[in-house]
Structure formats: structure tokens, C-alpha cells
Amino acid sequence: MQGLTIGEKHTYRDFGLRMLSCTVSPPEPKIEEIDIPGRDVPLDVSDFFGEILYKPRTLTAVFDTEARSLQSFLCKFSEICNDMHGFTKKIVLDSEPSYYYEGRIKVSYTKKNAIFYEVTLSAS
């Protein structure tokens, strides 16, 4: 089952989360402009020091998991939060094992129906 390795834990093997989707935003360049009196357009100095800098990328992964009761799901969700919510960790996608991302992780969930819950992990 495809998933993510976050720190030392795998989303499927350790938490039983089945990955539905995973997206990584492209890096957005940091544009630095200076308004100069008498000039129609601002002066772009983004690459003044020789290279363009980029804003942080965002990785968002959506999973589903099955739980027979709200209580059993909340126990699992608490375990996930205790391990990664708010922490900066190394993230390796099963589909790209040669590369890794590092970011501060946020965890949230929504109830889909009587037994399925959707868990979203995002990292910047």
C-alpha cells in the first residue's frame, strides 16, 4: 500500500492510513520589487544577488481509515497527533524513495460516514 514515511513511522504500516492522494505544490518564487518614483513599473530585484529564492512548498496527503467507533478512531488519531502534529519531520513518499521533504506537519480529520474517516496531513 502506497503511503508516506514520516520520521520513523509509515502512514499505512504503523497507522493503517490508506493514501487517497498526495500533492506537492511547485515552488513559488519570492518576487522582490522596489517602487521608484517616476517609473511606471516597479524594479524587479528578485535575482539581484545571483539566484532566485523560493517560498516553502506545501505537501498535502489525504488518507482514509476505518474505525468501528468514534472512540477507537480518536485513539488512533491521538496516536497520529502525538507522533507528528506540530513537529518538523523528514517525509519520504513511497513513490519517490530517493528524495525527501522536510516540514512542519499539521493533522486534521473529517468523518465520511459511519465507519470511515478522512485524515489530512499537510506540511510546509
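Check the entry above for the structure.
Within any chain, residue numbers begin from 1 and follow the written order of that chain's sequence. This being a predicted model, a pLDDT of at least 70 is required before a residue's local features are given, and a value of 80 or more before pairs of side-chain atoms are given or counted; all residues contribute to the totals for chains, interfaces and linings. Note that the side-chain values use all heavy atoms of the structure and ignore hydrogens as well as water.

1. What to know about the overall build of the chain
How we decide: Elements are defined by DSSP. Helices are runs of H or I of four residues or more, strands are runs of E of two residues or more, and each kind is numbered from the N terminus. Atoms considered for the radius of gyration are the C-alpha atoms alone. The globule rule reads 2.2 Å times the number of residues to the power 0.38. Each residue gets one of three labels from its accessible area relative to the maximum for its type: buried under 20%, exposed over 50%, partly exposed in between, using a 1.4 Å probe on protein chains only.
Looking only at helices and strands, one finds one helix and nine strands in the chain. Rg of the C-alpha trace for the chain: 20 Å, well past the compact-globule value of 14 Å for 124 residues, more than 25% over. Based on the C-alpha atoms only, the size of the chain along its principal axes is roughly 70 × 30 × 20 Å. Residue burial in the chain is summarised as follows: out of 124 residues, 26% are buried.

2. Here we look at the pairing of strand β8 (residues 101–111)
Formally: Note on pairing: two strands pair once DSSP finds at least 2 bridges between them.
With four bridges connecting them, strand β7 (residues 88–93) and β8 associate as antiparallel partners. Across the sheet, the residue bridging to Ile91 is Tyr101, located in β8. Where β8 and strand β9 (residues 116–123) come together, seven bridges link them in antiparallel fashion. Each residue of the ladder has a partner; that of Tyr109, found in β9, is Val119. Here β8 folds back onto β9 in antiparallel fashion, the turn holding four residues.

3. Notes on the pattern of salt bridges
Test applied: Counted as salt bridges are all cases of a side-chain nitrogen of Lys or Arg within 4 Å of a carboxyl oxygen of Asp or Glu.
With the rule as written, the count across this model stands at six salt bridges. Across the pair Asp83 and Lys9 runs a salt bridge whose closest N-O atoms are separated by 4.0 Å. Taken together, the residues Asp83 in helix α1 (residues 70–84) and Lys9 in strand β2 (residues 9–10) connect sequence positions 74 residues apart. Looking at Asp83, the relative accessible area reads 16%, which means it is buried. The closest approach of N and O atoms between Asp64 and Arg18, which form a salt bridge, is 3.1 Å. Here Arg18 lies in strand β3 (residues 18–24) and Asp64 lies in strand β6 (residues 59–66), a separation of 46 residues in the sequence. Overall, Asp64 belongs to the buried group, its relative accessible area being 16%.

4. What to know about the sheet that holds β2
Selection criterion: We call two residues in contact when some of their heavy atoms are within 4.5 Å. Helix axes are fitted to C-alpha atoms over the stretch in contact, other axes to C-alpha atoms as well, and angles between N-to-C directions run from 0 to 180 degrees.
Across the sheet, which stays open at both edges, the seven strands sit in the order β2-β1-β7-β8-β9-β6-β3 with antiparallel pairing between neighbours. Both edges of this open sheet fall to β2 and β3, since each of them pairs with a single strand only. Here β3 runs beside β6; their pairing, made up of six bridges, is antiparallel. Each residue of the ladder has a partner; that of Ser21, found in β6, is Val62. Strands β1 (4–6), β2, β6, β7, β8 and β9 of the sheet are contacted by α1, whose axis makes an angle of about 165 degrees with β8.

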